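Survey of secondary and tertiary structure
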Amino acid sequence: MPYPLDAYLHLTQADARAQFERVLARTPTAPGGRQEAFLPIETLLCFGASFRVNGHGYGGANISKAPMPIPQLARLFRRSPGSIIRKMSNLDGSSPNGAKNDVLVALELTRDVTAYLAIYQQLLLAARAADITAQQLPDFLDLVPHDEPSDIGTFFEVDLVPDWQMEQAVQIELDDWHKKAPDIPTAETERLALAGQRIGQQRFAKDVLRNYQRTCAFCGLSADAIAHSRHLLIASHVKPWKDATGRERLDPTNGIAACPTHDAAFDQGLVTVADDLSIVRAPHLQAAVAADAQVAHNFGPAGMRDHLLVPSPASSPGGTYLRWHREHVWGSIPR
Ligand SMILES: [Zn+2]
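Residues numbered from 1 in each chain as written. Predicted model: local features only at pLDDT ≥ 70, side-chain atom pairs only at ≥ 80, totals over all residues. Heavy atoms only, no water.

1. Looking at the overall build of the protein chain
Within the protein chain, the regular secondary structure consists of 14 helices and 4 strands. The 335 residues of the protein chain split such that 49% are buried. Sequence-distant contacts in the protein chain: of pairs separated by 6 or more residues, those separated by 24 or more amount to 71%. For the protein chain, the exposed surface amounts to about 16000 Å²; the carbon and sulfur share of it is 55%. (Helix = DSSP H or I, 4+ residues; strand = E, 2+ residues; numbered from the N terminus. Buried < 20%, exposed > 50% of the residue type's maximum accessible area, 1.4 Å probe, protein only. Contact = heavy atoms within 4.5 Å. Areas by Shrake-Rupley, 256 points an atom, 1.4 Å probe, with all protein chains shown as cover.)

2. A look at the coordination of the zinc ion
The protein atoms donating to the zinc ion are Cys216 (SG), Cys219 (SG), Cys259 (SG) and His262 (ND1), with metal-donor distances spanning 2.1 to 2.3 Å. Each of the 4 donor atoms bound to the zinc ion contributes to angles spanning 95 to 124°, and the resulting shape is tetrahedral. Mapping the donors of the zinc ion onto the primary sequence gives the spacing C-x2-C-x39-C-x2-H. One end of the pair, cysteine 216, is in the loop between helix H9 (186–211) and strand E1 (234–237); the other, histidine 262, is in helix H11 (residues 260–267), with 46 residues separating them in the sequence. Summarising the burial analysis for this pair, cysteine 216 and histidine 262 share the class buried. (Donors = N, O, S within 2.8 Å, 3.2 Å for Na, K, Ca; no water. Tetrahedral: all angles 85-135°; square planar, octahedral: opposite > 155°, others 65-115°.)

3. Considering the pattern of salt bridges
Scanning all chains against the criterion turns up 12 salt bridges. Where lysine 87 meets aspartate 102, a salt bridge forms, and the shortest distance between an N and an O atom there is 2.9 Å. With lysine 87 in helix H5 (residues 81–91) and aspartate 102 in helix H6 (residues 100–111), this pair connects stretches of sequence that are 15 residues apart. Each member of the pair, lysine 87 as well as aspartate 102, is classed as buried. (Salt bridge = Lys/Arg side-chain N within 4 Å of Asp/Glu carboxyl O.)

4. Structural notes on the pairing of strand E2 (residues 255–258)
Along E2, one buried face is formed by Gly255 and Ala257 and the opposite face, lined by Ile256 and Ala258, is buried too. Note: E1 against E2, 4 bridges, orientation antiparallel. Considered in E2, the bridge of isoleucine 234 is made with alanine 258. (Pairing = 2+ DSSP bridges.)

5. Thoughts on the nonpolar core
Residues Phe20, Leu45, Tyr116, Leu123 and Leu137 are the most contacted members of the largest nonpolar core, which totals 44 residues. Contributions of two or more residues to this core are made by helix H2 (13–24), helix H3 (40–49), helix H4 (70–77), H5, H6 and helix H7 (113–129). No other element matches H7, which puts 9 residues into this core. The contact partners of leucine 137, leaving out residues within four places of it in the chain, are Phe20, Leu45, Leu73, Leu76, Leu124, Ala127, Arg128 and Ile132. One finds Val238, Ile279, Ala296 and Leu322 within the second-largest nonpolar core, a separate group that totals 32 residues. (Core = buried A, V, L, I, M, F, W, Y, C linked by side-chain atoms within 4.5 Å.)

6. Remarks on the environment of valine 329
Mapped onto the elements of the fold, valine 329 is located in helix H14 (residues 319–330). In this structure the C-alpha to C-alpha distance between valine 329 and glutamine 268, which are 61 residues apart in sequence, comes to 6.5 Å. Discounting residues that sit within four places of it in the chain, valine 329 has contacts with Pro240, Phe266, Asp267, Gln268, Gly269 and Trp324.

7. Considering the confidence of the model for the protein chain
On average, residues of the protein chain score 83 in pLDDT, and 80% of them are at 70 or above. Here helix H8 (residues 163–180) stands out as the element of the protein chain with the lowest mean pLDDT, 64, in contrast to strand E3 (residues 271–273), whose mean of 97 is the highest. Residue range residues 146–159 is modelled with pLDDT below 50. Its contacts to residues more than four positions away, or to other chains, number 36 contacts. (pLDDT = per-residue confidence, 0-100.)

Structure (structure tokens):
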């Protein structure tokens with residue numbers, strides 16, 4: 001018997017804590033054994049995990065490589081990582097195969113992601129009240145600070161894909177949905193698919209900003225240097241979102257963290273990046289740097305590094321993406 005929606009949307013602290021205690025008392029399901037139904041706290045946390053991990057990338061042989069928080073959730077819930085991934089796919093707005101109840105819950109949760117994030121914070125507090133440590137259940141959305149109320153707004157600091165582009169992308173998925181879930185009204189399906197795209201973009205942005213330690217790779221501006229600031233950095237796509245495949249749109253190596261000025265310049269090909277990560281100015285930008293002190297302030301040697309600031313080789317932008325940018329974005333501007 002599925003839980004009513006209220007059991008998810010209006011979960012009380014006491015109920016959440018009692019559910020965490022039930023989970024802790026479980027014994028692991030034997031292989032092939034019948035799984036216990038997911039409790040609301042489990043479903044809600046699996047939904048949140050979609051903001052961190054693209055579940056579709058994991059299954060079968062590489063399931064043990066699934067990153068945080070998949071192994072932690074699996075251990076805490078006494079389930080296999082595969083069952084966590086399957087639940088996530090039912091919930092992240094990308095799979096029409098989910099059980100009917102999962103689809104309905106996902107519809108509600110994606111209706112208002114800010115409300116979900118408030119639920120998530122409450123869940124973490126209830127878990128701590130049940131003596132579940134940060135190792136057992138990490139704050140995988142980085143939303144529960146220790147001493148001050150969290151600013152949920154910062155979660156959304158980077159989503160610049162225009163609505164019309166996302167809606168276009170979503171149309172492609174809709175056919176699939178109609179075949180597999182014909183009894184859900186079209187408007188709802190569209191919203192769910194759109195929410196799936198947005199969740200993907202948030203995940204991409206968080207990955208990219210983390211890779212670059214929240215610092216503009218062109219000038220070194222650090223978002224954390226200014227307390228209570230927002231929207232100072234953007235997770236810029238190297239191969240633009242509109243030209244990228246579904247996988248490329250979510251691949252963090254297709255992203256560079258940039259301040260708005262350098263993001264805009266990179267987006268329109270005023271600057272590009274060579275394979276050795278040196279930053280290259282378009283000739284007319286170079287001319288403007290020489291002629292105008294204020295342009296030089298932003299784009300000359302004082303305003304931009306020689307080489308892209310990349311904290312670790314693993315976070316370097318992919319070579320094929322950089323080549324694409326040089327050929328199609330940098331190469332397309334009038335000289
Ligand atoms: Zn910058």
